[in-house]
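Commentary on secondary and tertiary structure
Listed below are the residues making up each chain.
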Amino acid sequence: MHVAPPSTTLVQDHVALAEIDLCGELIIAASAADGERLSPARIDEVLKVATERAALGRQD
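A few points on the structure. No experiment lies behind these values; they were computed from the predicted model shown.

Some details on helix 1 (residues 14-32)
Counted at 1.5 Å a residue, the expected span for helix 1 with its 19 residues is 27 Å, and the 27 Å between its end C-alpha atoms agrees. For helix 1, the N-terminal capping position is held by Asp 13, with its side-chain oxygen 3.2 Å away from the main-chain nitrogen of Val 15.

Observations concerning the pattern of salt bridges
For the structure on display, the rule yields one salt bridge. Between Glu 45 and Arg 42 there is a salt bridge, with its nearest N and O atoms 3.1 Å apart. Here the residue Glu 45 and the residue Arg 42 both occupy positions in helix 2 (residues 40-46), the gap between them amounting to three residues, near one helical turn.

Calculation notes
Each residue is numbered by its place in its chain's sequence as written, counting from 1. Since the coordinates come from a predicted model, pLDDT governs what is reported: local features require at least 70, and pairs of side-chain atoms require 80 or more to be given and counted, while whole-chain, interface and lining totals use all residues. The basis for every side-chain value is the complete set of non-hydrogen atoms in the structure, without hydrogens or water. Put simply, DSSP marks the helices as runs of H or I at least four residues long and the strands as runs of E at least two long, and each gets a number from the N terminus on. Each residue after the first adds 1.5 Å to the expected span of a helix. In protein, a polar contact means a hydrogen-donor-capable atom and an acceptor-capable atom, both N or O and within 3.5 Å, with residues adjacent in sequence counting only if both atoms are side-chain atoms; elsewhere, any N or O pair within 3.5 Å suffices. Between Lys or Arg on one side and Asp or Glu on the other, a salt bridge is scored when a side-chain nitrogen of the former is within 4 Å of a carboxyl oxygen of the latter.

Structural data, given as structure tokens:
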């Protein structure tokens, strides 16, 4: 059996890191919420959906 030697190259998946960060923000918001679930509006607020849409010039 041949095992590849460990690589010294550091590879970062920036999309995956951003998704992990967003999941963390949702977990924090959910743990601080009074109710059982976050409303869709609160989820959008945590994920900064309106801010991103405004930055892109879209109003969906």
